[in-house]
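# Understanding the architecture of this molecule
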Amino acid sequence: MPSKIAAAAETPTSPSPDPAYDRARLLAWMAEHGVAQTTHDHPAVFRVEEGLDLKAALPGLHTKNLFLKDKKGRLWLISAAQDTVIDLKRAHRAMGSDRLSFGNETLLWETLGVRPGSVTALGLINDLERRVTFVLDRRLWEAAVVNFHPLANTATTALDQAGFRRVLALLDREPIVVDFDALD
């Protein structure tokens, strides 16, 4: 009789299911809920530096998004203005977390339904179990227009502040707002 450990090792793991929302379903959800947005298609952008020329033509504050895990296993999503410096050695105190490191691709897919390079605050729509704590740069909280990937890094979705806050309210998500520029 095989041991439980051997049996578990032989059982193939099932692939993570598809997320509840992809780009098309997200944009349809926004339309159904009266959230005005403008989405611009563009070549895939994996890092902030790659899309600077592209973003220059789009109004509003552009973002960088970090998917993190603390040493207690809690998951965090930081959305900040693209030029904000985020010192993870200091940020964790302002966020109320333990020491932070980057979350892995499997956790990213399971919680936010996106792949690396497509991390976005709009991925919170897929966090049905509310495993991810959302941290927002104060500059984004105060910006007239914010830009995020719509669950894919081949487009940018612009939301005015009222639309962005409506999305957060519909998702029942209140961010921890941190002024990363003022951290000591």
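Anything mentioned here points back to the structure above.
I will try to describe carefully the structure that is included in this document. In this text, all values refer to a predicted model and were calculated from it rather than measured experimentally.

### Examining the nonpolar core
Counting 30 residues, the largest nonpolar core has Met-30, Phe-67, Leu-112, Leu-122, Leu-124, Phe-134 and Phe-164 as its most contacted members. Residue assignment for this core shows that the elements contributing at least two residues are helix H2 (23-32), strand E3 (75-81), helix H5 (105-112), strand E5 (132-137), strand E6 (145-148) and helix H7 (161-170). Among the elements that make up this core, the one with the highest residue count is H2 (4 residues). When sequence neighbours within four positions are dropped, the list of residues in contact with Met-30 reads Val-35, Gln-37, Leu-122, Leu-159 and Val-167. One finds Trp-76, Ala-80, Val-178 and Leu-183 within the second-largest nonpolar core, a separate group that totals 14 residues.

### Here we look at the pattern of salt bridges
In the structure shown here, the tally under the stated rule is 10 salt bridges. Of the charged contacts, one joins Arg-74 and Asp-98 as a salt bridge, the two residues approaching to 3.8 Å between their closest N and O atoms. Note that Arg-74 is positioned in the loop between strand E2 (61-70) and E3 and Asp-98 in the loop between helix H4 (88-95) and strand E4 (100-102), a separation of 24 residues in sequence. Overall, the relative accessible area of 35% leaves Arg-74 in the partly exposed class. With a closest N to O distance of 3.8 Å, Arg-131 and Glu-110 form a salt bridge.

### Re the layout of surface pockets
Counted as a void, the second largest pocket has a volume near 240 Å³. The wall of the second largest pocket is formed by 15 residues, among which Trp-109, Glu-110, Thr-111, Asn-126 and Glu-129 lie closest to the centre. Its residues assigned to classes, the lining of the second largest pocket comprises 6 nonpolar, 4 polar and 5 charged.

### What about the pairing of strand E7 (residues 155-160)?
In terms of residue burial, E7 counts as a mostly covered element, since 5 of its 6 residues are buried. Pairing analysis gives 4 bridges linking strand E1 (residues 38-41) to E7, with the strands arranged antiparallel. Within the sheet, the bridge partner assigned to Thr-39 lies in E7 and is Thr-157. The sheet contact formed by E6 and E7 spans 4 bridges and is antiparallel. Residue pairing for E7: Val-146 is matched across the bridge by Leu-159. Where E6 folds back onto E7 in an antiparallel hairpin, the turn is made up of 6 residues, including Leu-151, whose phi is positive at roughly 75°.

### A look at the pairing of E2
Counting buried positions over the 10 residues of E2 gives 7, a clear majority of the element. As paired strands, E2 and E6 are joined by 2 bridges and run parallel to one another. Bridge pairing in E6 links His-62 to Asn-147. The pairing of E2 with E3 spans 7 bridges and is classified as antiparallel. Each residue of the ladder has a partner; that of Lys-64, found in E3, is Ala-80. Counted between consecutive antiparallel strands, the loop separating E2 from E3 contains 4 residues, among which Gly-73 sits at a positive phi close to 90°. Direction of pairing for E2 relative to E4: antiparallel, over a ladder of 3 bridges. Bridging from a neighbouring strand, Asp-70 pairs with Leu-100 of E4.

### Thoughts on unusual backbone geometry
The phi torsion at Arg-130 lies on the positive side, around 55°, for a residue other than glycine. With respect to the helices and strands, Arg-130 occurs in the loop between H5 and E5. In the Ramachandran plot, Asp-172 falls in the positive-phi region, its phi being about 55° despite a non-glycine side chain. Relative to the helices and strands, Asp-172 is located in the loop between H7 and strand E8 (176-178). Of the residues examined, Asp-172 reaches a relative accessible area of 58% and is grouped as exposed.

What counts, and where the lines are drawn
Residues numbered from 1 in each chain as written. Predicted model: local features only at pLDDT ≥ 70, side-chain atom pairs only at ≥ 80, totals over all residues. Heavy atoms only, no water. Core = buried A, V, L, I, M, F, W, Y, C linked by side-chain atoms within 4.5 Å. Buried < 20%, exposed > 50% of the residue type's maximum accessible area, 1.4 Å probe, protein only. Helix = DSSP H or I, 4+ residues; strand = E, 2+ residues; numbered from the N terminus. Contact = heavy atoms within 4.5 Å. Salt bridge = Lys/Arg side-chain N within 4 Å of Asp/Glu carboxyl O. 1 Å grid on protein atoms, 1.4 Å probe; cavity = no way out; pocket = protein on both sides within 12 Å on 5 of 7 lines; lining within 4 Å. Points joined across faces, edges and corners; volume = space filled by probe spheres on them. Nonpolar A, V, L, I, M, F, W, Y, C, P; charged D, E, K, R; others polar. Pairing = 2+ DSSP bridges.

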